[in-house]
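Chain by chain, the residues run as shown.
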Amino acid sequence: FRERKLIVHIIPFENRRQILVTHDITETQRAEMMRRDFIANASHELRTPLTVIVGFLEIAASEDLDAATRAAHLKLMTEQGHRMQHLIEDMLTLSRLESVDHPLRPEHVDIGKLMEQVLREARGLSAGKHEIDMTVEAGDLMGSAEELHSAFGNLASNAVRYTPAGGKIHLHWRDTAKGVQFVVEDTGIGISPEHISRLTERFYRVDKSRSRETQGTGLGLAIVKHVLLRHSGSLTIKSEAGKGSSFIVTLPKSTAAAPQPELLAG
Ligand code: ADP
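Computed from a predicted model, the values in this text were never measured in an experiment. (Residues numbered from 1 in each chain as written. Predicted model: local features only at pLDDT ≥ 70, side-chain atom pairs only at ≥ 80, totals over all residues. Heavy atoms only, no water.)

### What to know about the overall build of the protein
And then number 1: When you go through the protein residue by residue, the secondary structure sums to eight helices and nine strands.
And then number 2: In the protein, once contacts between residues fewer than 6 apart in sequence are set aside, the share between residues at least 24 apart is 67%. (Helix = DSSP H or I, 4+ residues; strand = E, 2+ residues; numbered from the N terminus. Contact = heavy atoms within 4.5 Å.)

Structure follows, in structure tokens:
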């Protein structure tokens, strides 16, 4: 039984008073439910790789394995260990982003450097399987370089992971009437409309089995959402199943950085 707030409306109707009672879950209870869901999901996500690791260790302890089987088991265990590491890193990142003790301290963000970093990482992940290019048409901004790197990097890595080999990915930093925008366009698997509004929920995935293969933690877009909340930004997702997606980050122009003195000189 979940505790709920009762809302009582007294509605006059044909000279009689009728009472309508509705139930509403209070904000605190909603937050508590989300916390419980998060713990249940996180435990499940951590248990899966751990089960694989413990299973292999038990086999290795009880059987004489030949060198090739041993090597294959060690490789799988290492992969599962890395999966747990990524998940824990993403969980820590999310909790830092939400912490009130960790307010945003805006600094000058060198956008050229940041975009190059994101491009390099995306190309590294793609390992030559995609055509990835980039256009930088707007200037620097104020914010947290580390957090923006994590948001832009997650969007670029999703584009690589959800685009089959041979596809194209375009990273774009541009100035628009709405604000400065970071855009990632891909020619990947796309997303059907019913999923789009839920993508930034923690652990929400369109296809659970597929994202295991693509090594996702299910927290990438939740991290993007929290970074953008801290930067007064927004995320727009345009996508068509089977055709590709565009993820558009819009940041207010007020975050545009004043030109640095050394850039003005000369
Ligand atoms: P994950 O680690 O599973 O990729 P994310 O939070 O980054 O988690 O993304 C949530 C889900 O959104 C993914 O599981 C995937 O179904 C969908 N998704 C994200 N980016 C893309 C994209 N560029 N193309 C298609 N689907 C995407």
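### Examining the pairing of strand β7 (residues 179–186)
And then number 1: Summarising burial for β7: seven of the eight residues are buried, a large majority.
And then number 2: Between strand β6 (residues 168–176) and β7, which follow one another and run antiparallel, lie two residues.
And then number 3: Examined bridge by bridge, β7 and strand β9 (residues 244–251) share seven bridges and lie antiparallel to one another. Its bridge partner being in β9, E185 is matched across the sheet by S246. (Buried < 20%, exposed > 50% of the residue type's maximum accessible area, 1.4 Å probe, protein only. Pairing = 2+ DSSP bridges.)

### Focus on the packing of aromatic side chains
And then number 1: A complete count under the given rule lists three aromatic pairs for this structure.
And then number 2: Ring pairing ties together the aromatic residues F152, W173 and F182, which thus form one cluster.
And then number 3: Lying across the ring of F38, R202 places its NZ or CZ 4.9 Å from the centre. (Phe/Tyr/Trp six-rings, centres within 6.5 Å; stacked < 30°, edge-to-face > 60°. Lys NZ or Arg CZ within 6 Å of the ring centre and 35° of its normal.)

### With respect to the pairing of β9
Residues in a regular strand project their side chains so that they alternate between the two faces of the sheet.
And then number 1: The element β9 is largely enclosed, with a buried count of eight among its eight residues.
And then number 2: Burial along β9 is two-sided: the face carrying G244, S246, I248 and T250 and the face carrying S245, F247, V249 and L251 are both buried.
And then number 3: Across seven bridges, the pairing between strand β8 (residues 234–240) and β9 is antiparallel. When the bridges of β9 are listed, S234 appears paired with T250.
And then number 4: Hairpin connection from β8 to β9: three residues lie between these consecutive antiparallel strands, with G242 at a positive phi of about 85°.

### Considerations on the site of the ligand
And then number 1: Around the ligand sit 21 residues in total, of which R161, Y162, T217, G218 and L221 are the nearest.
And then number 2: Within the side chain of N158, an N or O atom sits 2.9 Å from an oxygen atom of the ligand.
And then number 3: Taken by itself the ligand offers 530 Å² of open surface, and the protein chains cover 98% of this.
And then number 4: Of all the secondary structure elements, the ones that give two or more residues to the shell around the ligand are α4 (145–161), α7 (220–230) and β9.
And then number 5: When residues of the shell around the ligand are assigned to their parent elements, the largest contribution, three residues, is made by α4.
And then number 6: Among the residues forming the shell around the ligand, the class breakdown is 10 nonpolar, eight polar and three charged. (Near = heavy atom within 4 Å. Polar contact = N/O pair within 3.5 Å; in protein donor to acceptor, adjacent residues only side chain to side chain. Areas by Shrake-Rupley, 256 points an atom, 1.4 Å probe, with all protein chains shown as cover. Nonpolar A, V, L, I, M, F, W, Y, C, P; charged D, E, K, R; others polar.)

### Quick notes on unusual backbone geometry
And then number 1: The backbone of A127 sits at a positive phi, close to 50°, despite the residue not being glycine.
And then number 2: Relative to the helices and strands, A127 resides in the loop between α3 (111–126) and β4 (131–136).
And then number 3: Residue classification places A127 among the exposed positions, given a relative accessible area of 56%.
And then number 4: Positive phi, close to 65°, is recorded for F203, a residue that is not glycine.
And then number 5: Assignment of secondary structure puts F203 in the loop between α5 (193–196) and α6 (208–213).

### Here's the deal with α3
And then number 1: Between the first and last C-alpha of α3 there are 22 Å, a value that for 16 residues agrees with the 22 Å anticipated at 1.5 Å per step.
And then number 2: Every buried residue belonging to α3 is among I111, L114, M115, V118, L119, A122 and S126, and all of these are buried. Buried residues in α3, looked at end-on, bunch into an arc of 130°, giving them a common side. With respect to the buried face of α3, the exposed residues turned more than 90 degrees away are K113, R120 and G124.
And then number 3: Structurally, α3 contributes buried residues whose contacts are with β3 (107–109), β4, β5 (141–143), α4, β6 and β7.
And then number 4: Residue D110 occupies the N-cap position of α3, its side-chain oxygen lying 3.2 Å from the main-chain nitrogen of G112. (Expected span 1.5 Å × (residues − 1). Arc of directions from axis to C-beta.)

### Here's the deal with the pattern of salt bridges
And then number 1: Under the criterion given, the structure shown has nine salt bridges.
And then number 2: When the shortest N-O distance is used, the salt bridge between R230 and E147 registers 2.9 Å. Highlighted residues: R230 in helix α7 and E147 in helix α4, separated in sequence by 83 residues. Neither R230 nor E147 differs from the other in exposure class; each is buried.
And then number 3: The closest approach of N and O atoms between K243 and E240, which form a salt bridge, is 3.8 Å.
And then number 4: Here E240 falls in the partly exposed class, since its relative accessible area comes to 46%.
And then number 5: Through salt bridges that share partners, E32, R35 and R36 make up one connected network. (Salt bridge = Lys/Arg side-chain N within 4 Å of Asp/Glu carboxyl O.)

No statement about biological role is implied by the geometric values presented.
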